[in-house]
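Residues per chain are reported as follows:
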Amino acid sequence: MTLKDANYEVERLENKLNKLIDDKTILELLVDPKSTDYSKIMVDGGKHSNPLEVYVLKQDLPRWKDLDKRIQRTQEEIQNYVNWIEKELKILKKYNKVEQLIVFYKEIDIKDYTWYQIASMVHYSVRQCKRIYKNYKEKRDIL
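Now for a look at the structure at hand.

About the criteria used
Here, residues in each chain are numbered from 1, in the same order as that chain's written sequence. A pLDDT threshold of at least 70 governs which residues receive local features in this predicted model, and a stricter bar of 80 or more applies before side-chain atom pairs are shown or counted, although totals over entire chains, interfaces and linings include all residues. Side-chain numbers here rest on the full set of heavy atoms in the structure, without hydrogens or water. For helices the rule is a DSSP run of H or I covering at least 4 residues; for strands it is a run of E covering at least 2, with both sets numbered from the N terminus onward. Contacts: residue pairs with any heavy atoms within 4.5 Å of one another. Exposure was quantified through the Shrake-Rupley algorithm and a 1.4 Å probe, taking into account, for residues, occlusion by the shown protein chains and nothing else. Take the number of residues in a helix, subtract one, and multiply by 1.5 Å to get its expected span. Exposure classes here rest on a 1.4 Å probe applied to the protein chains alone. A residue is buried below 20% of its type maximum, exposed above 50%, and partly exposed in between. Starting at the helix axis, one direction is taken to each C-beta atom, and the arc is that of these directions. The term salt bridge refers to a side-chain nitrogen of Lys or Arg lying within 4 Å of a carboxyl oxygen of Asp or Glu. To pair, rings of Phe, Tyr and Trp, with the six-membered ring standing in for Trp, must have centres within 6.5 Å; the planes then decide the type, stacked if under 30 degrees apart, edge-to-face if over 60, and tilted in the middle. All axes are obtained by fitting lines to C-alpha atoms, using only the stretch in contact for helices, and the reported angles, taken between N-to-C directions, cover 0 to 180 degrees. Any angle between 65 and 115 degrees counts as roughly perpendicular, while under 35 counts as roughly parallel, over 145 as roughly antiparallel, and the rest as oblique. Note on terminology: a nonpolar core comprises buried Ala, Val, Leu, Ile, Met, Phe, Trp, Tyr and Cys residues joined through side-chain atoms within 4.5 Å.

## As for the overall build of the chain
Okay, step 1: A tally of regular secondary structure across the chain gives six helices and zero strands.
Okay, step 2: Helices and strands in the chain line up, N terminus first, as α-α-α-α-α-α.
Okay, step 3: Of the contacts made within the chain by residues no fewer than 6 positions apart, 67% connect residues no fewer than 24 positions apart.
Okay, step 4: In the structure as shown, the chain presents an accessible area of about 10,500 Å², 52% of it carried by carbon and sulfur atoms.

## Concerning helix 6 (residues 126-142)
Okay, step 1: For helix 6, spanning 17 residues, the distance from its first C-alpha to its last is 25 Å, which sits close to the expected 24 Å at 1.5 Å a residue.
Okay, step 2: Every buried residue belonging to helix 6 is among Cys 129, Ile 132, Tyr 133, Tyr 136 and Arg 140, and all of these are buried. In a view along the axis of helix 6, the buried residues occupy a sector of 95°, so they form one face of it. Turned more than 90 degrees away from the buried face of helix 6 sit Lys 134, Asp 141 and Ile 142, all of them exposed.

## A few points about the pattern of salt bridges
Okay, step 1: In the structure shown here, the tally under the stated rule is four salt bridges.
Okay, step 2: For Lys 24, the salt bridge identified is with Asp 68, shortest N-O distance 2.7 Å. A residue pair is termed long-range when its members are at least 10 positions apart, and Lys 24 in helix 1 (residues 3-30) and Asp 68 in helix 3 (residues 67-93) qualify at 44 residues.
Okay, step 3: The closest approach of N and O atoms between Lys 134 and Glu 138, which form a salt bridge, is 3.9 Å. Taken together, the residues Lys 134 and Glu 138, both in helix 6 and four residues apart, mark about one turn of the helix.

## A look at the environment of Glu 86
Okay, step 1: When you line up the elements, Glu 86 lands in helix 3.
Okay, step 2: Residue Glu 86 is classed as partly exposed on the basis of its relative accessible area, which comes to 44%.

## Observations concerning the packing of aromatic side chains
Okay, step 1: With the rule as written, the count across this model stands at four aromatic pairs.
Okay, step 2: Geometrically, the ring pair formed by Tyr 105 and Tyr 113 is edge-to-face, given 5.3 Å between the ring centres and 75° between the ring planes. Residue Tyr 105 shares its accessibility class with Tyr 113, and that shared class is buried.
Okay, step 3: Site record: aromatic cluster; members linked through ring pairs are Phe 104, Tyr 105 and Tyr 113.

## Things to note about the packing of helix 4 (residues 97-108) against helix 6
Okay, step 1: Two elements in contact, helix 4 and helix 6, have axes whose closest approach is 10 Å; the angle formed by their N-to-C orientations is 80°. Here helix 6 runs roughly perpendicular to helix 4, going by the angle between their axes. Only Cys 129, Ile 132, Tyr 133, Tyr 136 and Arg 140 of helix 6 make contact with helix 4, whose side of the interface consists of Glu 99, Ile 102, Val 103, Lys 106 and Glu 107.

## Some thoughts on the nonpolar core
Okay, step 1: Among the nonpolar cores identified, the biggest contains 23 residues, and Ile 102, Trp 115, Ile 118, Cys 129, Tyr 133 and Tyr 136 are the most heavily contacted of them.
Okay, step 2: Mapped onto this core, the elements with two or more residues apiece are helix 1, helix 3, helix 4, helix 5 (115-122) and helix 6.
Okay, step 3: The element that contributes the greatest number of residues to this core is helix 1, accounting for six residues.

In structure tokens form, the structure reads like this:
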């Protein structure tokens, strides 16, 4: 996995987390059994439903099921990716600036550069850029 892929996953998971939090807010706004005390309401005839039952029924829908667990799991996934990215950036700091640029252009930057373009930007040969990147990947895979 590259840093670009990890950053994409973090953004995707944050979007998913925001949706889950919005769903939870909607669920709480649909029927909140704590908001009103219905025990003192007198009704002449008709049917008076218990808001707690409606709340439980809403929670049983697949969209609402295990909402808190899904939110927590998504937060943990985001944290795992962020930790991985931080470790990768620590590895990058061990290299000098030119080597950091090579890894940045190859993995992080949105635009896909060829080795010839990267070599011309950092003023190294194509072969040297490939060696530097290979050493970085080997070090990354060890850790």
